[in-house]
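Here is how the chains run, residue by residue.
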Amino acid sequence: MSEVTKELLELVWGTKSSPGLSDTIFCRWTQGFVFSESEGSALEQFEGGPCAVIAPVQAFLLKKLLFSSEKSSWRDCSEEEQKELLCHTLCDILESACDSSGSYCLVSWLRGRTAEEAASIAGSPAQSSCQAEHSCKIPFYFMNAEKCLLCIAALAVEELGFERFHALIQKRSFRTVSELKDAVLDQYSMWGNKFGVLLFLYSVLLTKGIENIKNSIEDANEPLIDPVYGHGSQSLINLLLTGHAVSNVWDGDRECSGMQLLGIHEQAAVGFLTLMEALRYCKVGSYLKSPKFPIWIVGSETHLTVFFAKDMALVAPEAPSEQARRVFQTYDPEDNGFIADSLLEDVMKALDLVSDPEYINLMKNKLDPEGLGIILLGPFLQEFFPDQGSSGPESFTVYHYNGLKQSNYNEKVMYVEGTAVVMGFEDPMLQTDDTPIKRCLQTKWPYIELLWTTERSPSLN
């Protein structure tokens, strides 16, 4: 096993996991990118854990399908269309992860080994003829090397464990996007095999660079995949969504006790919402909450799903009041709803408002008449941005995706369609059931109501 592979495995799986524990969690991550038989553009997830990769890939696949494709029916995809969509999506994520060096990596397995070596490592003896899907019946030793290895892969895939699999992987580097796209397309069958998700994850990590990732993560000793439960970390999710493996979801960087805590620095293409915010464990910033496209990864305590719409009006440019709220909150890192009055000048300068000393003092007296030394968010917005509600439609069609069969209605992985109604105030006459997905979405739309076409609300788990 090469030094690069050892560093990669420590980054992903940690150093303290026993081999048996690694195998247990590893098995939950051994799956390919497989499309649902019930929904032509939806990916299936077999076990808990790999949603940290599958859900972002699904979200970017939907971005391509809904906003860049000329298909008339986005829910019906032929095998060739699935191939094009998936490969385009994987390339998009790899491009966003690429650092300034401009080098792309693809991780593959078995390539470049002889049949005897690969079969020996995989624990499967070389057979006299190929038994894989293409059924060429040609003896191994007379076959083209790559086909031979693919045959072995198909035969040995069930027997490979953590150590054996990682002894077989290797990386290839590409200097141009064109070369990368050709290689991703060429390896399409590999993305669908048992290790496709892991091979893509490793490709993203090596494209980004192990040191770059360690420098972004808050705790470099914390693995990207939890060694006990197998869940992907927030750093891993952020890397796939934004190209940066930061550990936090707020806008910009913050300082706490002399430590710089890295956050999101620009508007993401695909957004992120989490039930953890509804439970007040964290605060998602505007760059993730208001993405470029109306597609959001939705996080529960244990799983990731995707909420999306086709209406681009949902992600209209930021209104002045929304910008003001975002800037104000950067000076309120604990989300108290107020700032010290000494920070008012900084906030007003950041928003290009009048900020000469006399005017600042006047505003302090007006916004803090009791002299408490604080400026509340509500009065601040009302003073400088009155009568500016949030932009966007009041009613729109929405969809929800959950890759786990057992979490879907009738155990079929399909998009659940619904209608969302967003109001500027709470209306008891329109209130629907209180569900986890509704509580999560209320972190973006406080007065949202949802009506689904299925008998039950879609599950976040």
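Parameters and conventions
Residues numbered from 1 in each chain as written. Predicted model: local features only at pLDDT ≥ 70, side-chain atom pairs only at ≥ 80, totals over all residues. Heavy atoms only, no water. UniProt positions renumbered as here; feature names shortened; annotations may be inferred. Helix = DSSP H or I, 4+ residues; strand = E, 2+ residues; numbered from the N terminus. Buried < 20%, exposed > 50% of the residue type's maximum accessible area, 1.4 Å probe, protein only. Contact = heavy atoms within 4.5 Å. Areas by Shrake-Rupley, 256 points an atom, 1.4 Å probe, with all protein chains shown as cover. Pairing = 2+ DSSP bridges. Axes fitted to C-alpha atoms, helices over the stretch in contact; angles between N-to-C directions. Polar contact = N/O pair within 3.5 Å; in protein donor to acceptor, adjacent residues only side chain to side chain. Parallel < 35°, antiparallel > 145°, perpendicular 65-115°, else oblique. Left-handed = near helix turned anticlockwise from the far one by under 90°. Nonpolar A, V, L, I, M, F, W, Y, C, P; charged D, E, K, R; others polar.

For the protein chain, the name recorded in an unreviewed UniProt entry is Ubiquitin carboxyl-terminal hydrolase MINDY, with Mesocricetus auratus as its organism. You can read under Subunit (unreviewed entry) in the UniProt record for the protein chain the words "Interacts with COPS5." Its UniProt record gives the protein chain a comment under Sequence similarities (unreviewed entry), which states: "Belongs to the MINDY deubiquitinase family. FAM188 subfamily."

Counting secondary structure elements, the protein chain contains 19 helices and 14 strands. Taking all 461 residues of the protein chain together, 48% fall into the buried category. At a minimum sequence separation of 6, the contacts of the protein chain that also span at least 24 residues come to 66%. Here the protein chain displays about 21,700 Å² of accessible surface, and carbon together with sulfur accounts for 48% of that area.

Time to look at the sheet that holds strand E7 (residues 271–274). Read from one edge to the other, the open sheet built from 6 strands follows the order E7-E8-E9-E12-E13-E14, with strand pairing classed as mixed. The open sheet is flanked by E7 and strand E14 (448–452), the only strands paired with a single partner. When strand polarity is set aside, the average angle formed by the axes of neighbouring strands in this sheet is 30°. Bridge count for strand E9 (residues 304–309) against strand E12 (residues 395–401) is 4 bridges, and the pairing is antiparallel. Counted as the bridge partner of valine 306 is tyrosine 401 from E12.

It is worth spelling out the environment of tyrosine 415 at this point. By secondary structure assignment, the location of tyrosine 415 is in the loop between E12 and strand E13 (416–422). Looking at tyrosine 415, the relative accessible area reads 5%, which means it is buried. Each C-alpha atom, one on tyrosine 415 and one on serine 41, is 9.5 Å from the other, the two residues being 374 residues apart in sequence. Among all residues touching tyrosine 415, those that are not within four sequence positions of it are Glu39, Ser41, Ala42, Gln58, Leu62, Trp74, Arg75, Phe308, Tyr399, His400 and Tyr401. Only 3.2 Å separates the side chain of tyrosine 415 from the side chain of glutamine 58, close enough to count as a polar contact.

With that settled, the discussion passes to the environment of cysteine 27. Examined against the element boundaries, cysteine 27 turns out to sit in helix H2 (residues 19–29). With 203 residues separating them along the chain, cysteine 27 and glycine 230 place their C-alpha atoms 9.8 Å apart.

The N-to-C vectors of helix H3 (residues 51–67) and helix H4 (residues 79–97) enclose an angle of 110°; their axes lie 9 Å apart at closest approach. By the angle between their axes, H3 is roughly perpendicular relative to H4. You can see that H3 and H4 cross each other, and the crossing is right-handed. Residues Pro56, Val57, Phe60, Leu61, Lys63, Lys64 and Leu65 of H3 lie in contact with H4, whose contacting residues are Leu85, Leu86, His88, Thr89, Leu90, Asp92 and Ile93. Looking at the contact of H3 with H4 residue by residue, the class counts come to 9 nonpolar, 2 polar and 3 charged.

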